[in-house]
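This is what each chain is made of:
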Amino acid sequence: MKRIALFLLTNLAIILVLGIVLSIVFSVTGMNSNSIGGLLLLATVFGFGGSFISLAMSKWMAKRSTGAVVITTPSNTTERWLLETVKKQANKAGIKMPEVAIYPAQDMNAFATGMKKNSALVAVSTGLLEQMTQDEAEAVLAHEVSHIANGDMVTLALIQGVVNTFVIFLARVIGGFIDNAMRGNNNNNSGRGFSYFIIVFILEMVFGILASTIVMYYSRKREFIADSGSASLVGKNKMIAALRRLQMTSEPQLEGSLMAFGISGKKKSSLFMSHPPLEDRIKALQNSQML
């Protein structure tokens, strides 16, 4: 319930802010919101604006939705090892030390998030620390550090922004044509009926599902690259061992963008998977030339 409430409140706040920005732009420019140019502007503002505001809030949201506690002063050997390991990997990857946190969860998982390479967050679950060996945990941390070094969070936000823009724009343009045809009205600038909003809602759902396959395709490709980055930082045998350990686990509990940058994703049909099958990731590492 806490995650759902936080998600709803955050999205309502984003919609309110972007709505105010859009109304100001329309009033200043005098642009018709029902014109093609107006619809494109609306789609761009909400498409990219929502994506990048979410990215800017990602660390704050991640900490509160997972209950992650950032390690400032290590209180035990495990926390000290985590900080030292991430610091060493970050230096090797050429980025500044990210924040390191632990969150309570029984599943073995970890995630990275943040708007900038040099101001990111790496968080690991208590389940991972309890069930993985130190070598396996080290490989998982290197995987997340690689996501940060590769700028995957920003690139995913860009792709999501483009996808969102097309979904919002096409749904409204096509919805307008359908609504006009149903009402026998060829004037696109006339007042919209209730049916228009129902049609747009349905089209956004359909286009959104189709568009998500593009985002998930990118996410799967970046997982292979992050695995390779981990292999470069700590050796491929450690990464293979970590992935084999994950094969023994149940479904991970991370959601949304955190799931995309976790070490393991939910099992869905192939087009909607944020992560490639673990067997494919292991095979790719085995076939690589890295040591």
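Values in this document were obtained by computation on a predicted structure and should not be read as measured data. (Residues numbered from 1 in each chain as written. Predicted model: local features only at pLDDT ≥ 70, side-chain atom pairs only at ≥ 80, totals over all residues. Heavy atoms only, no water.)

Draft legend 1. View of a nonpolar patch on the surface. On the surface, F194, I198, F201, I202, M205, V206 and L210 cluster together into a nonpolar patch covering about 740 Å² of accessible area. One can find I198 in helix α8 (residues 194–234). (Patch = residues over 30% accessible without salt bridge, like charges linked within 9 Å, V, L, I, M, F, W, Y side chains within 5 Å. Areas by Shrake-Rupley, 256 points an atom, 1.4 Å probe, with all protein chains shown as cover. Salt bridge = Lys/Arg side-chain N within 4 Å of Asp/Glu carboxyl O. Helix = DSSP H or I, 4+ residues; strand = E, 2+ residues; numbered from the N terminus.)

Draft legend 2. Highlighting the packing of aromatic side chains. All told, the structure shown has 2 aromatic pairs when counted by the stated rule. Between Y103 and F111, the aromatic rings sit 5.5 Å apart at their centres with planes inclined by 45°, giving tilted as the arrangement. Residue class for Y103 comes out buried when judged on its relative accessible area of 3%. The exposure class of F111 is buried, given its relative accessible area of 0%. Centroid distance Y196 to F197: 5.2 Å. Interplanar angle 75°. Geometry classified as edge-to-face. (Phe/Tyr/Trp six-rings, centres within 6.5 Å; stacked < 30°, edge-to-face > 60°. Buried < 20%, exposed > 50% of the residue type's maximum accessible area, 1.4 Å probe, protein only.)

Draft legend 3. Representation of the sheet that holds strand β1 (residues 69–70). Strand order in this open sheet of 4 strands is β1-β2-β4-β3, and the pairing throughout is mixed. Looking at strand neighbours, the two that pair on one side only are β1 and β3 (110–116), the edges of this open sheet. Bridge analysis of strand β2 (residues 99–103) against strand β4 (residues 119–125) gives 5 bridges, and the strand direction is parallel. Along β4, the bridge assignment pairs I102 with V124. (Pairing = 2+ DSSP bridges.)

Draft legend 4. Layout of the environment of S232. Relative to the helices and strands, S232 is located in helix α8. Taking the C-alpha atoms as reference points, S232 and A142, 90 residues apart in sequence, are found 8.8 Å from one another.

Draft legend 5. Molecular detail of the nonpolar core. The biggest cluster of nonpolar side chains holds 39 residues, and the ones touching the most others in it are L82, V124, L128, M132, L141, I148 and L243. If one sorts the elements of this core by residue count, helix α6 (residues 134–149) sits on top with 8 residues. Sequence-distant contacts of L243, that is, excluding residues within four places in its chain, are made with D227, L278, R281, I282 and L285. Counting 11 residues, the second-largest nonpolar core is a separate cluster that includes I14, L39, I168 and V173. (Core = buried A, V, L, I, M, F, W, Y, C linked by side-chain atoms within 4.5 Å. Contact = heavy atoms within 4.5 Å.)

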